[in-house]
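Each chain, written out:
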Amino acid sequence: QQQVRQSSQSLTVWEGETAILNCSYENSAFDYFPWYQQFPGEGPALLIAIRSVSDKKEDGRFTIFFNKREKNLSLHIKDSQPGDSATYFCAASWGSSGNKLIFGIGTLLSVKP
Amino acid sequence: EAAVTQSPRSKVAVTGGKVTLSCHQTNNHDYMYWYRQDTGHGLRLIHYSYVADSTEKGDIPDGYKASRPSQENFSLILELASLSQTAVYFCASSDGLGGSSAETLYFGSGTRLTVL
């Protein structure tokens, strides 16, 4: 049973478009939602994160939109660049989980020039 | 300079053999983790530790042991390697002391393990 679901395993957009990566979760106790970015041959690295008390978090071209009632969130990458091509993992944890993150299966984003 | 270093970067093992994957961190973090990555499954937690000489089971601990001899070092041990353990293994560390950065995981570059 997947506690954190990413609806697409792959997504292709053109350079300059906005890429939208979707994520949903089941456990209402989750209160921290990071997105990790992974390039081929490397380990994942934190890209941006949001807490359940907020509905939006922005960092440059990257924005998380969070809907607590619907238990879903999305990562928007504005003005996508070929260098954004990577796998993006949605993850979640809850306060007493001891920093244990539950990851989704990842979405492979390809940005075509 | 890489703060979480894994060794080896890749390894080929035979079924039934013993495999040890090593991880060393210079972040001075209390928490360390072992994840495995498989296509279609994402990252799944095998074992983790929040203090030296103590380890905890993650979500998929069967077939794996872990060892944390010091704050800096965390090993993953496959006593009897099986074909199903072919995967990429990632070690990570985190601060875990509270605050906005506490939950950030810092990953190593991974070890690609192939069991034949």
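Colleague: I would appreciate a short explanation of the environment of S10 of chain B in the present structure.
Modeller: Assignment of secondary structure puts S10 of chain B in strand β2 (residues 10-13). Here S10 of chain B is in contact with T111 and R112 of chain B, once residues within four sequence places are set aside.

Colleague: Help me understand the environment of A52 of chain B in this model?
Modeller: Residue and element names in this part refer to chain B. On the secondary structure map, A52 appears in the loop between β5 (42-51) and β6 (54-57). Classification of A52 as partly exposed rests on a relative accessible area of 31%. It is 21 Å that separates the C-alpha atoms of A52 and V19, two residues lying 33 residues apart in sequence. In this structure, A52 is in contact with R68, P69, S70 and Q71, ignoring residues within four places of it in sequence.

Colleague: Would you mind showing me how to read the packing of aromatic side chains here?
Modeller: The description of an aromatic ring pair uses the distance of the two centres, along with the angle that the planes make with each other. This structure, assessed with the given rule, holds 19 aromatic pairs over all chains. Taken together, a centroid distance of 6.5 Å and an interplanar angle of 90° make the contact between F30 of chain A and F33 of chain A edge-to-face. F30 of chain A sits in the buried class, given a relative accessible area of 1%. Each ring, one from Y31 of chain B and one from Y33 of chain B, has its centre 6.2 Å from the other, and the planes form 15°; the classification is stacked. Each member of the pair Y31 of chain B and Y33 of chain B is classed as buried.

The rules behind the values
- Residues numbered from 1 in each chain as written.
- Chains lettered and ligands numbered in written order.
- Predicted model: local features only at pLDDT ≥ 70, side-chain atom pairs only at ≥ 80, totals over all residues.
- Heavy atoms only, no water.
- Helix = DSSP H or I, 4+ residues; strand = E, 2+ residues; numbered from the N terminus.
- Contact = heavy atoms within 4.5 Å.
- Buried < 20%, exposed > 50% of the residue type's maximum accessible area, 1.4 Å probe, protein only.
- Phe/Tyr/Trp six-rings, centres within 6.5 Å; stacked < 30°, edge-to-face > 60°.

Nothing here speaks to function; it is geometry throughout.
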